[in-house]
Structures are given as structure tokens and as C-alpha cells.
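Secondary and tertiary structure notes
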Amino acid sequence: MTQRKTASEQIDTEISGLYASAPEPLGFAPEHDLRAFGLRREPGSLLIYSVSGLGGDSPMFEDLGDISRQYLNHRHEAAFISEGLSPPLFVHENERSSVAESRPVEGTFSERHMLDEDFEVIPTPGHTSGATAFLWETDEHRLLFTGDTIYLDEGEWGAAVLDQSDRDLYIGSLELIRELDFDVLVPWVARGLPCYQVTGEADARRRIDAIIARLRRGEAADARPPGSIRETGT
Ligand SMILES: [Zn+2]
């Protein structure tokens, strides 16, 4: 995968309309990187996830223009705030009180629904009670943003089951994700590269089935358990 870096280390992805912020090492597990993603779309550009180092002058905004909404997958992202960047923030109702401790919340949702014709909001509880995936359909791809519910570990798919996570709900959400039609996985956290991954129906199902099987056996669901992720709540 070729990923062109600009002077500010922002990555222009190979996916038309998708922009990745520079990788931001996770403090307690610096081999893991966080990223936010910009989505260029006609009805209004979106920002998905949160990081702390994304300035309003980031070159991605030259293409994206004004951000109409920012969506968080779940509450842990709220600890990472980019100063000077404050699009209207939307989170699941169950994440509101936690997120609102650090950022004003513009709106909440609790049900699966569409934003315009191309962006679907799909609650996937488990990692946290209001964790929510987003499915964005472009002319070329269907991108699924899974937060920490499925993250990338040097190209392998892992899940982050915390002490406070609900394992049964997590499994149910993975079963839901398994049935979604998508061909690009875009998590919040990735260890190494890629930071997003092109997939296909059979590949995605095989990988998700493997995670579900590990969870059902009561094992850690990580591809290679980073441990600290589960202990500290990211
Ligand atoms: Zn998390």
C-alpha cells in the first residue's frame, strides 16, 4: 500500500475522498497509533474519531472545506482533543455524559440510521455501551469505521475487550458487522501499517469469525494482545 505523506505528515489515502491525520502514538502503548479521518462528501464533509494533534490548518482541510459534523465511535476518543478544531460533535446517547466532560456535544443518537444517502450510523455496543460504527458508501468503496471494536494490528484484525466491556454485546455486534457489506476497514487505532485495509466479503467474514471464536472461548480477542490497551481503557 502506498501512502503519500505531505509536509505535515498527513496521509492522503488511496481511497478517493478519505483523508487520514498524521499517526499519533498512544501514550501508554506508543507502538499503537491513533488517527482521525476526514471524509469529503457533497452534503458536507465529516470528521471521524478524535486525535489531539490535528490543527485547523491541517492540509486535509484544504480539500475537505468546513467540517459539517464530527462523529466519535466511543467515549475514549474524547480524551484526545485538537485545540482550535470544534465541528459539531455527535455521539451515541450512552457516550454523551462521558464525552461531555471534555467536549461539548451537539447531538446524540441511539438507533441505527442514515445521514443523507451515503452515511449510515450503526450502534455496535460492547467495547463501550454506546460504541458505534459508521458505514460510508462512496462511488468506489464502502468504508466501515469500527473505532476500537475492530482495530488493525500490523494487518491483522483484533478486538479490544476491556474489563468494563460487555462481552456478549460485543459478540452480538461482531455478528452484526459480519453481515454488513463493506470493503474497507478503517479503525481508530492501528499498530504499524496499514492504518486502513481493503478487504472483501469472504476475507472480512473469516477475520471476524476468528475474533468471535476467540471471544466465545473467553480468550482475549486481540490479534496479539497488547495488554495495556485492555488495562487502561482505550
Ligand atoms: Zn476504546
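See the structure shown above.
Residues numbered from 1 in each chain as written. Predicted model: local features only at pLDDT ≥ 70, side-chain atom pairs only at ≥ 80, totals over all residues.

Let's talk about the nonpolar core
Where a protein is soluble and globular, its nonpolar side chains tend to be buried together. Phe-37, Ile-48, Phe-134, Leu-143, Leu-144, Val-184 and Val-186 are the most contacted members of the largest nonpolar core, which has 55 residues in total. Those residues in contact with Ile-48, other than ones at most four positions away along the chain, are Ala-36, Phe-37, Leu-39, Tyr-71, Phe-134 and Phe-145. (Core = buried A, V, L, I, M, F, W, Y, C linked by C-beta atoms within 7 Å. Buried ≥ 20, exposed ≤ 12 C-beta atoms within 10 Å, placed from the backbone. Contact = placed C-beta atoms within 7 Å.)

Re helix 4 (residues 201-216)
Along its 16 residues, helix 4 runs 22 Å from first to last C-alpha, staying within 8% of the 22 Å computed at 1.5 Å per residue. What helix 4 keeps buried is the set Ala-204, Ile-208, Ile-211 and Leu-215. Looking straight down helix 4, one finds that the buried residues subtend no more than 55 degrees of arc, so they occupy a single side. Every exposed residue of helix 4 that faces more than 90 degrees away from the buried side is listed here: Ala-202, Ala-213 and Arg-216. Buried residues belonging to helix 4 abut strand 16 (156-158) and helix 3 (167-178). (Helix = DSSP H or I, 4+ residues; strand = E, 2+ residues; numbered from the N terminus. Expected span 1.5 Å × (residues − 1). Arc of directions from axis to C-beta.)

Here we look at the sheet that holds strand 12 (residues 119-123)
Read across the open sheet, the six strands follow the order 11-12-13-14-17-19; overall the sheet is mixed. The open sheet has two edge strands, strand 11 (113-115) and strand 19 (197-198), and neither has a second partner. Two elements, strand 13 (residues 132-137) and strand 14 (residues 142-147), share four bridges in a ladder whose sense is antiparallel. In the sheet register, Phe-134 faces strand 14, and the bridge partner there is Phe-145. (Pairing = 2+ DSSP bridges.)

Re helix 3
For helix 3, which comprises 12 residues, the first-to-last C-alpha distance of 16 Å matches the rise-based estimate of 16 Å (1.5 Å per residue) to within 8%. Check the buried side of helix 3 and you find it contacts strand 13, strand 14 and helix 4.

Things to note about the pairing of strand 12
Note: strand 11 against strand 12, three bridges, orientation antiparallel. Note on strand 12: the bridge partner recorded for Leu-115 is Phe-119. The turn joining strand 11 and strand 12, which pair antiparallel and follow one another in sequence, is formed by three residues; a positive phi near 60 degrees is taken by Asp-116. Judged from the five bridges that link them, strand 12 and strand 13 form a sheet pairing that is antiparallel. In the sheet register, Phe-119 faces strand 13, and the bridge partner there is Trp-136.

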